[in-house]
Amino acid sequence: QVQLVESGGGLVQVGGSLRLSCAASGRTCSTYAMGWFRQAPGTEREFVARITWSAGSTNYADSVKGRFTISRDIAKRTVYLPMNSLKPEDTAIYYCARQPNYYGDYSLGRNYNYWGQGTQVTVSS
């Protein structure tokens, strides 16, 4: 079992910044990568960013490139998502998730097997 706990969400004005964190516990040794997804009301969950645990390779959705930066602290078993230049369309619940292996498209939620409870990000205009 793996437990993921997100934190750092909140209310911010347009152009502001937030930093999300995702702390992992439990059987994390076989983690291949960690990802962030988000879901706004009435929309489908969408991929935001991913980082491979060992090499630290990163991938981003086009909508967040240049504004969000995913990173990880292996010793703390924590993944971070600093978000800058926030826009109203970034408003969503943000979830971190664990990808157990490299099989499958990393941008699809079905290839992740553990999820956190989510943290709300609201960007006001």
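Bear in mind the structure is a predicted one, so any value in this text is a computation, not a measurement.

1. Overview of a nonpolar patch on the surface
Taken together, the side chains of Y32, Y102 and Y103 make up a nonpolar region of the molecular surface, amounting to roughly 370 Å² of accessible area. Of note, Y103 is situated in the loop between β9 (92-99) and β10 (114-115). Looking at Y103, the relative accessible area reads 54%, which means it is exposed.

2. Quick look at the pattern of salt bridges
Considering all chains together, one arrives at 4 salt bridges under this definition. Of the charged contacts in the structure, one is a salt bridge between E46 and R38, with a shortest N-O distance of 2.5 Å. The salt bridge involving D62 is made with K65; its shortest N-O contact spans 3.2 Å. For D62, a relative accessible area of 65% translates into the label exposed. When salt bridges that share partners are traced, they join R38, E46, R67 and D90 into one network.

3. Considerations on the state of the cysteines
Counted according to the given criterion, the structure contains 1 disulfide. Disulfide partner of C22: C96, at an S-S distance of 2.0 Å. In this structure, the disulfide formed by C22 and C96 twists by about 55° around the S-S bond and is classed as right-handed. One end of the pair, C22, is in strand β3 (residues 18-26); the other, C96, is in strand β9, and 74 residues separate them in sequence. For C22, a relative accessible area of 1% corresponds to the buried category.

The rules behind each value
Residues numbered from 1 in each chain as written. Predicted model: local features only at pLDDT ≥ 70, side-chain atom pairs only at ≥ 80, totals over all residues. Heavy atoms only, no water. Patch = residues over 30% accessible without salt bridge, like charges linked within 9 Å, V, L, I, M, F, W, Y side chains within 5 Å. Areas by Shrake-Rupley, 256 points an atom, 1.4 Å probe, with all protein chains shown as cover. Salt bridge = Lys/Arg side-chain N within 4 Å of Asp/Glu carboxyl O. Helix = DSSP H or I, 4+ residues; strand = E, 2+ residues; numbered from the N terminus. Buried < 20%, exposed > 50% of the residue type's maximum accessible area, 1.4 Å probe, protein only. Disulfide = S-S within 2.5 Å.

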